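Breakdown of the fold
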Amino acid sequence: MTRVTSTLPAGTRAIEVRDLHKYFGDNEVLKGIDFHVDQGQVVCVIGPSGSGKSTLLRCVNRLEEPTSGTILVEGVDICDPEVDLDEIRSRIGMVFQSFNLFPHLSVMRNLTIAQQRVRRRSKDEAVEIARNNLAKVGLAGKEDAYPAHLSGGQQQRVAIARALSMDPDMMLFDEPTSALDPELVGDVLGVMRDLAADGMTMMVVTHEMGFAREVGDKLVFMDGGVIVEEGDPREVLANPQHSRTQGFLSKVL
Amino acid sequence: MKKSTRRRLVRGLLYAVLVGAVVLLALIADWEAIRQNFLSGEVMGELWPEVLTVGVKNTVIYTVIAFAGGLALAIVLALMKLSPIAPYRWIATAWIEFFRGLPALVVILAFGFAVPIAFSWRPPGGSVGAGVLALVIVSSAYIAETLRAGIQAVPKGQFEAARSLGMTSGRTTFSIVLPQAFRIVIPPLTNEFVLLIKDTSLLFVIGAAIDERELTTFSRDALTQYANSTPLIVAAAAYLIITLPLTRLVARLERRQQKAR
Ligand SMILES: Nc1ncnc2c1ncn2[C@@H]1O[C@H](COP(=O)(O)OP(=O)(O)OP(=O)(O)O)[C@@H](O)[C@H]1O
Ligand SMILES: [Mg+2]
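Residues numbered from 1 in each chain as written. Chains lettered and ligands numbered in written order. Predicted model: local features only at pLDDT ≥ 70, side-chain atom pairs only at ≥ 80, totals over all residues. Heavy atoms only, no water.

This part is about the overall build of chain B. When its secondary structure is counted, chain B shows 11 helices and zero strands. Scanning chain B from its N terminus toward the C terminus, one meets helices and strands in the order α-α-α-α-α-α-α-α-α-α-α. Against the 2.2 N^0.38 benchmark of 18 Å for 261 residues, chain B shows a C-alpha radius of gyration of 25 Å, more extended than a compact globule. The principal-axis extent of the C-alpha atoms belonging to chain B is close to 75 × 70 × 30 Å. Considering chain B as a whole, with its 261 residues, one finds that 40% of them fall into the buried category. Summarising the internal contacts of chain B: among those between residues at least 6 apart in sequence, 76% fall at separations of at least 24. Split by element, the accessible area of chain B, about 14,900 Å² in all, is 68% carbon and sulfur. (Helix = DSSP H or I, 4+ residues; strand = E, 2+ residues; numbered from the N terminus. Rg over C-alpha atoms; globule rule 2.2 N^0.38 Å. Buried < 20%, exposed > 50% of the residue type's maximum accessible area, 1.4 Å probe, protein only. Contact = heavy atoms within 4.5 Å. Areas by Shrake-Rupley, 256 points an atom, 1.4 Å probe, with all protein chains shown as cover.)

Taken residue by residue, the interface counts 22 residues in chain A and 18 residues in chain B. Between chain A and chain B, roughly 1,700 Å² of surface is buried when both sides are summed, and carbon and sulfur atoms account for 60% of that area. Among the residues of chain A in contact with chain B, Asp86, Phe102 and His104 of chain A are the three that bury the most area, contributing 33% of the side total. Here chain A is connected to chain B by two salt bridges. We note a salt bridge from glutamate 160 of chain B to arginine 58 of chain A, for which the minimum N-O separation is 2.7 Å. Seen at the junction of chain A and chain B, the total is six residue pairs in polar contact (both at pLDDT 80 or more). (Buried area = accessible area lost by both parts, 1.4 Å probe. Salt bridge = Lys/Arg side-chain N within 4 Å of Asp/Glu carboxyl O. Polar contact = N/O pair within 3.5 Å; in protein donor to acceptor, adjacent residues only side chain to side chain.)

Take the pairing of strand β9 (residues 218–223) of chain A next. Residue and element names in this part refer to chain A. With respect to burial, β9 is a largely interior element, six of its six residues being buried. Two elements, strand β3 (residues 42–46) and β9, share four bridges in a ladder whose sense is parallel. Residue pairing across strands places valine 45 opposite valine 220, the latter belonging to β9. Across five bridges, β9 lies against strand β10 (residues 226–231) in antiparallel orientation. Bridge pairing links leucine 219 to glycine 231 in β10. In this structure, the hairpin formed by β9 and β10 is closed by a connection of two residues, where glycine 224 is found at a positive phi of approximately 60 degrees. (Pairing = 2+ DSSP bridges.)

Next up on the list: the environment of phenylalanine 193 of chain B. Residue and element names in this part refer to chain B. Relative to the assigned elements, phenylalanine 193 resides in helix α9 (residues 169–199). By relative accessible area, phenylalanine 193 is classed as partly exposed at 21%. Placed 54 residues apart in sequence, phenylalanine 193 and serine 139 show a C-alpha to C-alpha distance of 8.9 Å.

All names here are of chain A. Among the nonpolar cores identified, the biggest contains 47 residues, and Ile160, Met171, Phe173, Met192 and Met202 are the most heavily contacted of them. Top contributing element to this core by residue count: helix α6 (residues 182–197), with eight residues. Those residues within four positions of isoleucine 160 in sequence are excluded, and the remaining contacts are Val95, Val137, Met171, Phe173, Val188, Val191, Met192 and Leu195. The next biggest cluster of nonpolar side chains, apart from the first, holds 39 residues, and it includes Val43, Ile71, Met203 and Ile227. (Core = buried A, V, L, I, M, F, W, Y, C linked by side-chain atoms within 4.5 Å.)

This part is about helix α10 (residues 215–226) of chain B. All names here are of chain B. Taking 1.5 Å per residue, 12 residues should reach 16 Å; α10 reaches 16 Å between its end C-alpha atoms and fits that length. Regarding α10, the residues found buried are Leu215, Thr216, Thr217, Phe218, Ser219 and Ala222. Sitting at the amino-terminal end of α10 is glutamate 214, which places a side-chain oxygen 2.9 Å from the backbone nitrogen of threonine 216. Of the residues one or two after α10, alanine 227 is the one with positive phi, at around 45 degrees. (Expected span 1.5 Å × (residues − 1).)

Before going further, it helps to examine the confidence of the model for chain B. Residue-level pLDDT values for chain B average 92, and 99% of them are 70 or greater. For this predicted complex, the interface confidence score (ipTM) comes to 0.94, while the overall pTM stands at 0.86. (pLDDT = per-residue confidence, 0-100.)

The strands making up a sheet associate through backbone hydrogen bonding, with each pair oriented either parallel or antiparallel. Residues and elements named next belong to chain A. Taken together, the six strands give an open sheet; going across it, the order is β6-β7-β8-β3-β9-β10, and neighbouring strands pair in mixed fashion. For this open sheet the edge positions go to β6 (92–95) and β10, each flanked by a neighbour on one side alone. Each strand axis lies, on average, 15 degrees off the axis of its neighbour in the sheet, ignoring direction. Here β6 pairs with strand β7 (residues 170–174) via four bridges, running parallel. Counterpart to isoleucine 92 in the pairing with β7 is methionine 170. (Axes fitted to C-alpha atoms, helices over the stretch in contact; angles between N-to-C directions.)

Residue and element names in this part refer to chain A. Every residue near ligand 1 is listed here: Phe24, Val29, Pro48, Ser49, Gly50, Ser51, Gly52, Lys53, Ser54, Thr55 and Glu175. At 3.2 Å, a backbone N or O of serine 51 approaches an oxygen atom of ligand 1. The separation between an oxygen atom of ligand 1 and a polar main-chain atom of glycine 52 is 3.0 Å. Expressed as a share of its isolated accessible area of 630 Å², the protein-covered part of ligand 1 is 59%. When residues of the shell around ligand 1 are assigned to their parent elements, the largest contribution, three residues, is made by helix α1 (residues 53–60). (Near = heavy atom within 4 Å.)

So this is what it looks like as structure tokens:
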């Protein structure tokens, strides 16, 4: 797979977050996050429920409005009022825990609507790209199905194909397998592994420690709105330094 | 007495009362008078075919105009009501609460008589046009509330998924949110339509030219003309022929939606 990232100066980070704070009312959910994802890296984020993982992920494409701090996507400050947020979002694929496919549209239309309306591709081109991506996630032939007629694992793979059809520079995943029956988790993780092998830049909030260990380039452990510990996934998982990390891992492993 | 015997006795008694009442009614009713007054074939013959080509036709036309206009206006109102810009919300709320709080008849009278005098402005289509305009406005208020509820019933994740693909908020509203909202509100909208069919009968207060009369005005005129109640029965039957299939349809749609959930 060819990926055009050459327009960026060497060393530009895909995602760079500096001193990010986020309040919901009086509730400080992110308390000064410094975080980055390099081009082509797979960064996994783990942590207990309510620690702010989703909020951090959602700040990266401004589905949540940061209260203060800086977020650079490929070097561009996404909070700059001059910036074209829709254009930036179209280059950041996002996959949700609850799939969020458009239920009133066929699988094919789910994959082509943004290509045509946002990317301004012709219908033929959009359909062609959609077919390729459906094949890539193992769902060739499901073009005419409606989301309600697919299993959870199939829906999530369609959601990944939908994001891929925009040719994103990076992908954000928010617990992509948490809503799935256990026997369907493997298919989705398999697709994500393939993506990582293709060199996709990925930020993945997950409870799948096996995936983090085998695929991740970096593991970030969050608790209480701060990053407690980060490093090589094998290191962190085998040998956590911080007591809070140890406590969390002892519960989930 | 055994419990089952008593239950049978009570049930028998209830049937006896019913039969008694029917027989009594049949005995005291003057069937010939009823037939002549309500079911006169002669008068029915006089009403045909105008009851269809004038009454039913105009009722349907006025309902469709009022509904289509109300729906178009309601989409704007519902979006205003959900707008981040506060003054838009205030205007929409004021409009909706004002016109839902008034009897439709008052609005029709206002547009038919008060507005033309006060502003020396005649709505297009004369007084009937004014009345239909009043119905457009009244229905817009009800439909807007229904639509707002439907829009808010679309899961937030739909909006987020669309925005994360780079769609603008306008594109998201029209391609993703509204189509799903409309699906949710088809049964209540059909109900609004049925209510509107019946509300067109209120137009009889503003008077209409011979061939502009809707079903109620038509039958009311015939009532006076023939000094006979048959036109009322005919109009009632015509209303039911239109409304009953629609209310049955609503019931079916609602059952289907319940199952799909
Ligand atoms: N829209 C919101 N309004 C108010 N509070 C919110 C909102 N979204 C999240 N929160 C709060 O922010 C905190 C962090 O939430 P977040 O969803 O980021 O946690 P998480 O680490 O993703 O947890 P989980 O593993 O359960 O998904 C929680 O206390 C949550 O209640
Ligand atoms: Mg979460």
